[in-house]
Amino acid sequence: MPRVGLTTDRVVAAAADLADETGFEAVTVSALARHFGVKDASLYTHVRNLEDLRVRVALLAGGELIEEIAAAVAGRAGKEALAAFADAYRAYALRHPGRYAATRIRVDQSLVAGSPALRRTAEITHGMLRAYGLAEPDLTDAVRLLRSTFHGYCALEASGGFGAPRDVQASWDKAVEALHVALENWPRERRGAGGS
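Keep in mind that what you see is a predicted model, and the values were worked out from it rather than measured.

Visitor: Please set out the packing of helix α1 (residues 8-22) against helix α4 (residues 50-73) residue by residue, giving values where relevant.
Guide: At a closest axis distance of 9 Å, the pairing of α1 and α4 adopts a crossing angle of 80 degrees. By the angle between their axes, α1 is roughly perpendicular relative to α4. For the pair α1 and α4, contact is made by Thr 8, Val 11, Val 12, Ala 13, Ala 15 and Ala 16 and by Leu 53, Arg 56, Val 57 and Leu 60, respectively. Its residues placed into classes, the contact of α1 with α4 shows 8 nonpolar, 1 polar and 1 charged.

Visitor: Go over the pattern of salt bridges with me, naming the residues and quoting the values.
Guide: By the definition in use, this model includes 10 salt bridges. Put simply, Arg 120 and Glu 67 hold a salt bridge, and the shortest N to O gap is 2.7 Å. Separated by 53 residues along the polypeptide, Arg 120 in helix α8 (residues 116-130) and Glu 67 in helix α4 bring together distant segments of the chain. We classify Glu 67 as partly exposed; its relative accessible area is 44%. For Glu 80, the salt bridge identified is with Arg 76, shortest N-O distance 3.1 Å. Here Glu 80 falls in the partly exposed class, since its relative accessible area comes to 47%. Linked through salt bridges whose partners overlap, the residues forming this network are Asp 17, Asp 20, Glu 64 and Arg 99.

Visitor: Go over helix α10 (residues 168-184), please, and point to the residues and values.
Guide: Between the first and last C-alpha of α10 there are 24 Å, a value that for 17 residues agrees with the 24 Å anticipated at 1.5 Å per step. Looking at the buried side of α10, the elements it contacts are α5 (78-95), α8 and α9 (138-158). The N-capping residue of α10, defined by a side-chain oxygen 3.3 Å from the backbone nitrogen of Gln 169, is Asp 167.

Visitor: Before we move on, can you summarise α8 with the specific residues and values?
Guide: The end-to-end C-alpha distance of α8, which contains 15 residues, comes to 21 Å, matching closely the 21 Å that a straight helix rising 1.5 Å per residue would cover. All of the buried residues along α8 are Leu 118, Ile 124, Thr 125, His 126, Met 128 and Leu 129. Residues of α8 that are buried make contact with α4, α5, α7 (109-113), α9 and α10.

About the cut-offs
Residue numbering note: each chain is counted from 1, following its sequence as written. Since the coordinates come from a predicted model, pLDDT governs what is reported: local features require at least 70, and pairs of side-chain atoms require 80 or more to be given and counted, while whole-chain, interface and lining totals use all residues. In computing side-chain values, all of the structure's heavy atoms are included and hydrogens and water are not. Angles shown run from 0 to 180 degrees and are taken between the N-to-C directions of axes, each axis being a line fitted to C-alpha atoms and, for helices, limited to the stretch in contact. Only DSSP runs of H or I reaching four residues or more are called helices, and only runs of E reaching two or more are called strands; each is numbered from the N terminus. An angle below 35 degrees is treated as roughly parallel, one above 145 as roughly antiparallel, one from 65 to 115 as roughly perpendicular, and anything else as oblique. For this analysis, residues touch if any pair of their heavy atoms sits within 4.5 Å. Note that Gly is not counted as nonpolar here; it falls among the polar residues with everything else outside the nonpolar set of Ala, Val, Leu, Ile, Met, Phe, Trp, Tyr, Cys and Pro and the charged set of Asp, Glu, Lys and Arg. Here, a salt bridge means any Lys or Arg side-chain nitrogen found within 4 Å of an Asp or Glu carboxyl oxygen. Relative accessible area decides the class of each residue, using a 1.4 Å probe on protein chains only: under 20% of the type maximum gives buried, over 50% gives exposed, and in between gives partly exposed. To estimate the expected span of a helix, count its residues, drop one, and scale the result by 1.5 Å. In protein, a polar contact means a hydrogen-donor-capable atom and an acceptor-capable atom, both N or O and within 3.5 Å, with residues adjacent in sequence counting only if both atoms are side-chain atoms; elsewhere, any N or O pair within 3.5 Å suffices.

So this is what it looks like as structure tokens:
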């Protein structure tokens, strides 16, 4: 019988908070049970196992992240939308390091397809990039460029990896501006080009 007051949503939210406090890798069923003052077995009525718990945290965090990005880019296009997207992404990553780490794990595509929030991530990202005139396969390439740039920058910043005296915000702004220039001048894939 589930412990009174515990729900799956409450367990997952607590796991996300714990990830921010102690790091995503430190989130275990035992650590969460200690947090609630219950035995590990009490949590298995809410999550199947550690992998299920971590996937649920990833889905929660992915949903939170895209909500913040969606609010930031609403009504914007082009460079303004790109900057708003980038700034919201970075702010979330730095404010919620454990949740952000959860968004980096690989999640089964059937779960992604079943998550309205994560489907919305693709819609918002692709919508922003289509304003640059991009279509597949360039769209996927551009998403990968943005994701790797944003993630790399946030990971380095969070770990104190930028040692030069240059202001980190100024470098971020310049990086976003450089991405805008790259997107405007994207080397588009030639369609229908023959080859041997």
